[in-house]
Each structure stands twice: as structure tokens, then as C-alpha cells.
Amino acid sequence: MSRRGLQVVLAILATVSVVSGLWGMVAGPTGLPGVGAVHPTVDSEYRFANAFWFAAGIAVWWAVPRVQRATGLLRAVLGVVIVGGLARLLGIAVSGWPHPVFLGALGIELVVVPMVLLWQARVAEVAS
């Protein structure tokens, strides 16, 4: 449960967020696995949402070197990721199962991210 290990995990999660958010803004929803053409409204909303995903990654990158002090920011950003996972669960209940890539994302959002938040809380506690 080292600070350095947490920094590495957060940097990886942030990089995934930045790269996939940028890709989502540029490529739009047709860049998703298993998706063809979509209505322009869906395209617009998807690109807009990916701007937030991109910004979340930038915020986590900012927190990496100050991980033991950036508790508020990390709780806010990673908390939103958990809420996104819950929204994904709602989507499964309403629309059915998504592509397996998104089931992996769901696991990260609802299992890995809460564990990272607990890890960060421990690192912050030890540092104080």
C-alpha cells in the first residue's frame, strides 16, 4: 500500500481517461466497438461526455505527485467515475448487455476505483 504504487495506478487510470476521452471527442461514437452510425444527437452528447472524461484524466494527473494531499479532488473525480459505473448498470438493466469492453470498464468503475479511493485514504492518513 505504498504511495508510489498508488501514484503509478492513478497515472495509468488517468492516462486511460485522457487517451480514451480524446479519442471519443475526435472519433465520436462510431469509434466504439460494435457501434455503427448513430443519430447526430447521440454523436453530440457522446463527444461532450468524453470532454469530461478527458478533463477527469487531466485532474487525476495533476493529483498524482501530491496524492497524499489531493484527497478532495480524488474523491470528487473518482466518485463521479463510480456514479458513471452505476449509470452503466442502469443502462444494462434498460437496454441489455454492452460490448465486453464496457463490462471490463464496469468492473474498473465499481471494483477497482473504490479500492483506489480506499488506498488513497490510507496513504493520506499515514502521511498526516
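Residues numbered from 1 in each chain as written. Predicted model: local features only at pLDDT ≥ 70, side-chain atom pairs only at ≥ 80, totals over all residues. Heavy atoms only, no water.

Enquirer: Would you take a moment to explain the overall build of the protein chain for this structure?
Expert: When you go through the protein chain residue by residue, the secondary structure sums to four helices and zero strands. Once the C-alpha set of the protein chain is aligned to its principal axes, its extents read approximately 50 × 30 × 20 Å. Sorting the 128 residues of the protein chain into buried and exposed places 30% on the buried side. Within the protein chain, contacts between residues at least 6 apart in sequence are counted, and of these 69% link residues at least 24 apart. Summing over all exposed atoms, the protein chain offers an accessible surface of approximately 7,600 Å²; the carbon and sulfur share of this is 73%. Looking at the protein chain, you have 8 positive and 4 negative side-chain charges, and the mean spots of the two groups are 15 Å apart. (Helix = DSSP H or I, 4+ residues; strand = E, 2+ residues; numbered from the N terminus. Buried < 20%, exposed > 50% of the residue type's maximum accessible area, 1.4 Å probe, protein only. Contact = heavy atoms within 4.5 Å. Areas by Shrake-Rupley, 256 points an atom, 1.4 Å probe, with all protein chains shown as cover. Lys, Arg positive; Asp, Glu negative; His and termini not counted. Charge placed at Lys NZ, Arg CZ, Asp CG, Glu CD.)

Enquirer: What's the story with a nonpolar patch on the surface in this structure? I'm lost.
Expert: A contiguous nonpolar surface patch, about 330 Å² in accessible area, is contributed by Ile108, Val111, Val112 and Met115. Owing to a relative accessible area of 31%, Val112 belongs among the partly exposed residues under this scheme. (Patch = residues over 30% accessible without salt bridge, like charges linked within 9 Å, V, L, I, M, F, W, Y side chains within 5 Å. Salt bridge = Lys/Arg side-chain N within 4 Å of Asp/Glu carboxyl O.)

Enquirer: What am I meant to see in the pattern of salt bridges here?
Expert: If charged atoms from side chains of opposite charge come close, those side chains can pair. This model, assessed by the stated rule, comprises three salt bridges. The residue Glu109 makes a salt bridge to Arg88 at a minimum N-O spacing of 2.8 Å. Highlighted residues: Glu109 in helix α4 (residues 100-127) and Arg88 in helix α3 (residues 71-95), separated in sequence by 21 residues. We classify Glu109 as buried; its relative accessible area is 8%. When the shortest N-O distance is used, the salt bridge between Arg122 and Glu125 registers 3.0 Å. Of this pair, Arg122 and Glu125 both sit in helix α4, three residues apart, which is roughly one turn of the helix.

Enquirer: Explanation requested: helix α1 (residues 3-27) in the structure shown.
Expert: An α-helical segment advances 3.6 residues per turn. Residues three or four places apart therefore align on the same side. The end-to-end C-alpha separation of α1 is 35 Å, in line with the 36 Å expected for 25 residues at 1.5 Å each. As for α1, its buried residues are in contact with α2 (40-63), α3 and α4. Positive phi shows up at Gly28, right after α1, with a value of about 75 degrees. (Expected span 1.5 Å × (residues − 1).)

Enquirer: What exactly am I supposed to notice about the packing of α1 against α2 here?
Expert: When two helices pack together, their arrangement is given by the angle between their axes and by how far apart the axes lie. Put simply, α1 and α2 touch, their axes get as near as 7 Å, and they point 155 degrees apart. Taken together, the axis directions place α1 and α2 in an arrangement best described as roughly antiparallel. Of the two elements, α1 crosses α2, and the hand of that crossing is left-handed. In the contact of α1 with α2, the residues fall into 17 nonpolar, seven polar and one charged. (Axes fitted to C-alpha atoms, helices over the stretch in contact; angles between N-to-C directions. Parallel < 35°, antiparallel > 145°, perpendicular 65-115°, else oblique. Left-handed = near helix turned anticlockwise from the far one by under 90°. Nonpolar A, V, L, I, M, F, W, Y, C, P; charged D, E, K, R; others polar.)

Enquirer: Just checking my understanding: could you explain the packing of aromatic side chains for this structure?
Expert: Two descriptors summarise a pair of aromatic rings, namely the distance from one centre to the other and the angle between the planes of the rings. Applying the stated rule across the entire model yields one aromatic pair. Considering the side-chain rings of Phe48 and Phe52, the 5.2 Å spacing of their centres and the 65 degrees angle between planes classify their relative orientation as edge-to-face. Here Phe48 and its partner Phe52 are both found in helix α2, four residues apart, which amounts to about one turn of the helix. Exposure class is identical for Phe48 and Phe52. Each is exposed. (Phe/Tyr/Trp six-rings, centres within 6.5 Å; stacked < 30°, edge-to-face > 60°.)

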